[in-house]
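Chain and residue survey
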Amino acid sequence: MKIEAIKLYHVKMELRNPFRTSFGVTQEREILVTRVQSEGYDGYGECVAEKGPWYSGETIDSCQSIITNFISPWLKETDLDHPRDFKKLVQQIKGNQMAKACIEDAIWGLYGHMNNKSLQELIGGTKESIPSGISLGIQQNTDILIEKIGKALEKNYQRIKIKIEPNWDVEIVKKIRDVYPNIPLMVDANSAYRLKDKDIFISLDRFNLMMIEQPLQYYDILDHAKLQKEIATPICLDESIKSVDDARVAIESDATRIINVKPARVGGITETLHIHELAKENSFPLWCGGMLETGIGRAKNLAVASLSTFTLPNDISESERYYTNYLVDPIFELNSDGTISVPNKQPGLGINVNLDAIEKYSK
Ligand code: OSB
Ligand code: MG
């Protein structure tokens, strides 16, 4: 596979509702869409880095720079046998997982088109549909949050995740549990706390949460292990896990009992498959997280979530929840049982990427 052209489109997408986490608010999402071409075939990817380095150290501009200065020229000089070989090509680049992932994704898609196979088939995903969960940002008040939870439950979303931060945590969870004592519920702190705040997590133990996502700092495996010793609720790491090696360290030190895998955060699909293998050996539960992706990233995440070790509901909600404009068709809809079907009837991402829409929303 000789990549003849690598194109980047800088797309702007308006979210239907501002999404607020402990690290900031997103209203307009800027997305780098990647396109690789070979022998008349196309493959697409989507960079999940945000405008500022708040979720991870990467930004949309840092990704563009790494791709333009290093990945693209190297790729153009190489003939890859398989998308798996991309990891080796870029291994000299430290970090920059999201920059690598959006190019690797496009190569997987391209390979799928050239070999008439869906991404799901290429990676060995087994499920026809995956359980869908919803991630609700921090709201103006609890009534609004409880109303949003009610609407999500009416649609049969299979679990509710709420974002927490200091002063929007124990009281809020208590109010939700007063209304909904038994729904599958979890919280995500996006690193808003320190180990000295452990009493907050001890207080959360009585609410029967499925898990607490990323309570402490992204580099802090040791303190997560200390916190896990003090609480019964499983910790689930997100930001901390940037590779299969991070996953191994965190699992072995009992700093995490569940991992939220975002393929882009770990450098791509190949690294995700290594985490899948590790999870299989250890009977360790995974689920697929989200970064407010458009349909391009969402299609990829659906294929990943169909792997056998991804046993918990995923942050993969229906397309309509995020944006008013779409880059793919058909868009992803929620089935009545709260699942989303994996697009596996066409090669590559399994959906049509709409180049006209990409060009229209490019700045
Ligand atoms: O921490 O999981 C997170 C969105 C942007 C950045 C970080 C996170 C999130 C989400 C949204 O929780 C998940 C989704 O795409 O629906
Ligand atoms: Mg998270």
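Reading guide: rules and limits
Residues numbered from 1 in each chain as written. Chains lettered and ligands numbered in written order. Predicted model: local features only at pLDDT ≥ 70, side-chain atom pairs only at ≥ 80, totals over all residues. Heavy atoms only, no water. Helix = DSSP H or I, 4+ residues; strand = E, 2+ residues; numbered from the N terminus. Rg over C-alpha atoms; globule rule 2.2 N^0.38 Å. Buried < 20%, exposed > 50% of the residue type's maximum accessible area, 1.4 Å probe, protein only. Contact = heavy atoms within 4.5 Å. Areas by Shrake-Rupley, 256 points an atom, 1.4 Å probe, with all protein chains shown as cover. Lys, Arg positive; Asp, Glu negative; His and termini not counted. Charge placed at Lys NZ, Arg CZ, Asp CG, Glu CD. Near = heavy atom within 4 Å. Polar contact = N/O pair within 3.5 Å; in protein donor to acceptor, adjacent residues only side chain to side chain. Phe/Tyr/Trp six-rings, centres within 6.5 Å; stacked < 30°, edge-to-face > 60°. Lys NZ or Arg CZ within 6 Å of the ring centre and 35° of its normal. Pairing = 2+ DSSP bridges. Right-handed = clockwise from strand over helix to strand, strands pointing away. Arc of directions from axis to C-beta. Axes fitted to C-alpha atoms, helices over the stretch in contact; angles between N-to-C directions. Parallel < 35°, antiparallel > 145°, perpendicular 65-115°, else oblique. Nonpolar A, V, L, I, M, F, W, Y, C, P; charged D, E, K, R; others polar.

Overview of the overall build of the protein chain
- The secondary structure content of the protein chain amounts to twelve helices and 14 strands.
- Relative to the globule expectation of 21 Å for 363 residues, the C-alpha radius of gyration of the protein chain, 20 Å, shows essentially globular dimensions.
- C-alpha extents for the protein chain along the principal axes are approximately 60 × 40 × 35 Å.
- A burial count over the protein chain gives 60% of its 363 residues as buried.
- Here the contacts in the protein chain between residues at least 6 apart in sequence split such that 71% fall between residues at least 24 apart.
- Of the roughly 14,800 Å² that the protein chain leaves accessible, carbon and sulfur atoms contribute 47%.
- Of note, the protein chain has its 43 positive side-chain charges centred 2 Å away from the centre of its 51 negative side-chain charges.

Remarks on the site of ligand 1
- Within the structure, ligand 1 sits among 16 residues, and Ser-135, Lys-163, Asn-190, Leu-292 and Tyr-322 are positioned closest to it.
- Within the contact set of ligand 1, an oxygen atom lies 3.1 Å away from a side-chain nitrogen or oxygen of Lys-161.
- Interatomic distance of 3.4 Å between a backbone N/O atom of Met-291 and an oxygen atom of ligand 1.
- Burial of ligand 1 by the protein amounts to 99% of the accessible area it has alone, namely 390 Å².

With respect to the packing of aromatic side chains
- This structure, assessed with the given rule, holds five aromatic pairs.
- Note on Tyr-193 and Phe-201: the rings are 5.0 Å apart at their centroids and 85° apart in plane angle, and the pair reads as edge-to-face. Each member of the pair, Tyr-193 together with Phe-201, is buried.
- On the basis of an interplanar angle of 75° and a centroid distance of 5.3 Å, the ring pair of Tyr-218 and Tyr-219 is categorised as edge-to-face.
- One residue, Arg-159, lies across the ring of Trp-287, its end atom 4.9 Å from the ring centre.
- The ring centre of Tyr-322 lies 5.1 Å from the NZ or CZ of Arg-321, which sits over that ring.

Things to note about the pairing of strand β7 (residues 185-188)
- Alternating positions in β7 separate into two faces, Leu-185 and Val-187 on one and Met-186 and Asp-188 on the other, with burial throughout.
- For strand β6 (residues 160-163) and β7, the ladder comprises four bridges, and the chain directions are parallel. Across the sheet, Lys-163 pairs through a bridge with Asp-188, a residue of β7.
- You can see the chain leave β6, run along helix α6 (residues 170-179) and come back into β7, and the turn it takes is right-handed.
- In this sheet, strand β8 (residues 212-213) lies alongside β7 in parallel orientation, the contact comprising two bridges. Each residue of the ladder has a partner; that of Val-187, found in β8, is Ile-212.

Notes on helix α9 (residues 244-252)
- Buried residues of α9: Val-244, Ala-247, Ala-250 and Ile-251, and no others. Projection of α9 onto a plane perpendicular to its axis shows the buried side chains occupying an angular sector of 125°, all on one side.
- In this structure, the buried side of α9 is in contact with α8 (221-230), β9 (235-237), β10 (258-261) and α10 (269-282).
- The backbone nitrogen of Asp-245 lies 3.3 Å from a side-chain oxygen of the residue at the head of α9, namely Ser-243.
- Positioned one or two residues after α9, Asp-254 has a phi angle of 55°, which is positive.

Thoughts on the packing of helix α3 (residues 97-114) against α10
- Between α3 and α10, the least distance of the axes is 9 Å, while the angle of their chain directions is 90°. For the element pair α3 / α10, the angle class is roughly perpendicular. Judged by residue contacts, Glu-104, Asp-105 and Trp-108 of α3 engage Ile-269, Thr-270 and Leu-273 from α10.
- Broken down by class, the residue content of the contact of α3 with α10 amounts to three nonpolar, one polar and two charged.

Notes on the sheet that holds strand β2 (residues 24-38)
- Pairing in this open sheet of three strands is antiparallel, and the strands run β1-β2-β3 from one edge to the other. The open sheet is flanked by β1 (5-21) and β3 (41-47), the only strands paired with a single partner. The mean angle between the axes of side-by-side strands here comes to 20°, regardless of whether they run parallel or antiparallel.
- One ladder, built from 13 bridges, connects β1 with β2; its direction is antiparallel. Note on β2: the bridge partner recorded for Thr-21 is Gly-24.
- Taken strand by strand, helix α1 (residues 60-76) contacts β1, β2 and β3, and its axis lies near 155° from that of β1.

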